[in-house]
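Analysis of the macromolecular model
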Amino acid sequence: MSQELTPEQVARIAASRRQAQERLQQRAGGQPPAADAERPKPRLRGSKLSKGYYEYNLSTMRDTHAGFLEEDAAAAAAAAGSPEKRRRVVVSDERLPDLDDGQACCECSSADVDVVYLKVFKTAVCKACIEKIPDRYSLLTKTEAKDDYLLTDSELRDRALFPVWEKPNPHKSTWNNMLLYLRRDLEAFAVKKWGSLEALDGEFERRVEEKRARKEKKYQRSVADLRRRTRAEEWEKARRERLKLESEHEHAFEDSGNDGEQRCSACGLVIEVEEFGL
């Protein structure tokens, strides 16, 4: 049995049909429906990867060698004005100095000076003299400088005292750069700090002796702590004094009344005895 529609339902159906026909006519004519035009467009929800994303032009960035990248204004302006982006070619300035500058090796007067030593350490020396005189021109890492010349981190960070050559870490590229110091500069500052190389050796021996004494003291503390935790000897000594026993005596065991146990009549030591039947 079908149920007849109420007048309100019939009016609602007619209104819905009229709105649908209007939307179809507007779409056929290329115009958006009036209800859709008034409704604001929903914003697209970005993914987690798109949040906080910034696009950089790496060809216009400059490495500050301090953990930051800065944008070169001239390169950025040139890249923005050019119709197509071109890769910036980095030209190394590690070239041999002109002979007119009068730069020659301070040891053998050779003109074939090392560019890195001249640029970083302001020392004109050739590669042959670097290999021939390692006591003056060899390079030391930061750890070696601290161990050999007893220098502190604050002193090694002072670029006015020690020029440093920064190189990528040979063990892993993501680690901190390797810092190389000239042995001549380190030795000169160590002599100024400690008075002489003999005084530096004495300070080194004193620290070695202090380190050995600290290790010995730590070992003694560990042994004393072990004895305190066990306390076997102290407990035995106190028990003998309490029972007024001699340092050594012969045990005289008697049955204690419990099955399988015997007790010493002198010191009270209890042992378990098992009997095997034949």
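Presented here is a report on the structure given in the accompanying data block. Just so you know, these numbers come straight off a predicted model, no measurement behind them.

Within the protein chain one finds 11 helices and eight strands. Counting across all 278 residues of the protein chain, residues that qualify as buried make up 17%. Partitioning the contacts of the protein chain with sequence separation of at least 6, the portion at a separation of at least 24 is 34%. A total of about 23400 Å² of accessible surface is found on the protein chain, and carbon and sulfur atoms cover 51% of it.

Here we take up the side chain of D114. Within the element layout of this structure, D114 appears in the loop between α3 (73–81) and α4 (115–120). For the buried D114, no salt bridge exists, and the shortest N-O distance to an oppositely charged side chain is 4.4 Å, to K127. A distance of 3.0 Å separates a polar side-chain atom of D114 from the backbone nitrogen of V116. The contacts of D114, once residues within four sequence positions are left out, are V125, C126, K127 and I130.

Tallying each qualifying case throughout the model produces zero disulfides. Not engaged in a disulfide, the cysteine C129 finds its nearest cysteine sulfur in C126; these two sulfurs lie 3.3 Å apart.

Inspection of the entire model under this criterion finds three aromatic pairs. Ring geometry for Y117 and F121: centres 5.5 Å apart, planes at 55°, overall tilted. Taking the relative accessible area as the measure of exposure, Y117 reaches 5% and is therefore buried. Looking at F121, the relative accessible area reads 4%, which means it is buried. Ring-pair connections join several aromatic residues into one group, and the members of that group are F162, Y181 and F189.

Before going further, it helps to examine the layout of surface pockets. Approximately 240 Å³ is the volume found for the second largest pocket. Residue assignment for the lining of the second largest pocket shows that the elements contributing at least two residues are α7 (142–149) and β5 (178–182).

Here β5 lies mainly inside the structure; four of its five residues are buried. One ladder, built from three bridges, connects strand β3 (residues 139–141) with β5; its direction is antiparallel. Considered in β5, the bridge of L139 is made with L182.

Ordered in space as β6-β7-β8, the three strands form an open sheet in which the pairing is antiparallel. At either end of the open sheet lies a strand with only one pairing partner, and these are β6 (253–255) and β8 (270–272). On average, each strand axis in the sheet is tilted by 35° relative to the strand beside it, whichever way the strands run. In the sheet, β6 pairs with strand β7 (residues 261–264) via three bridges, with the strands oriented antiparallel. Note on β7: the bridge partner recorded for D255 is Q262.

The rules we used
- Residues numbered from 1 in each chain as written.
- Predicted model: local features only at pLDDT ≥ 70, side-chain atom pairs only at ≥ 80, totals over all residues.
- Heavy atoms only, no water.
- Helix = DSSP H or I, 4+ residues; strand = E, 2+ residues; numbered from the N terminus.
- Buried < 20%, exposed > 50% of the residue type's maximum accessible area, 1.4 Å probe, protein only.
- Contact = heavy atoms within 4.5 Å.
- Areas by Shrake-Rupley, 256 points an atom, 1.4 Å probe, with all protein chains shown as cover.
- Lys, Arg positive; Asp, Glu negative; His and termini not counted.
- Salt bridge = Lys/Arg side-chain N within 4 Å of Asp/Glu carboxyl O.
- Polar contact = N/O pair within 3.5 Å; in protein donor to acceptor, adjacent residues only side chain to side chain.
- Disulfide = S-S within 2.5 Å.
- Phe/Tyr/Trp six-rings, centres within 6.5 Å; stacked < 30°, edge-to-face > 60°.
- 1 Å grid on protein atoms, 1.4 Å probe; cavity = no way out; pocket = protein on both sides within 12 Å on 5 of 7 lines; lining within 4 Å.
- Points joined across faces, edges and corners; volume = space filled by probe spheres on them.
- Pairing = 2+ DSSP bridges.
- Axes fitted to C-alpha atoms, helices over the stretch in contact; angles between N-to-C directions.

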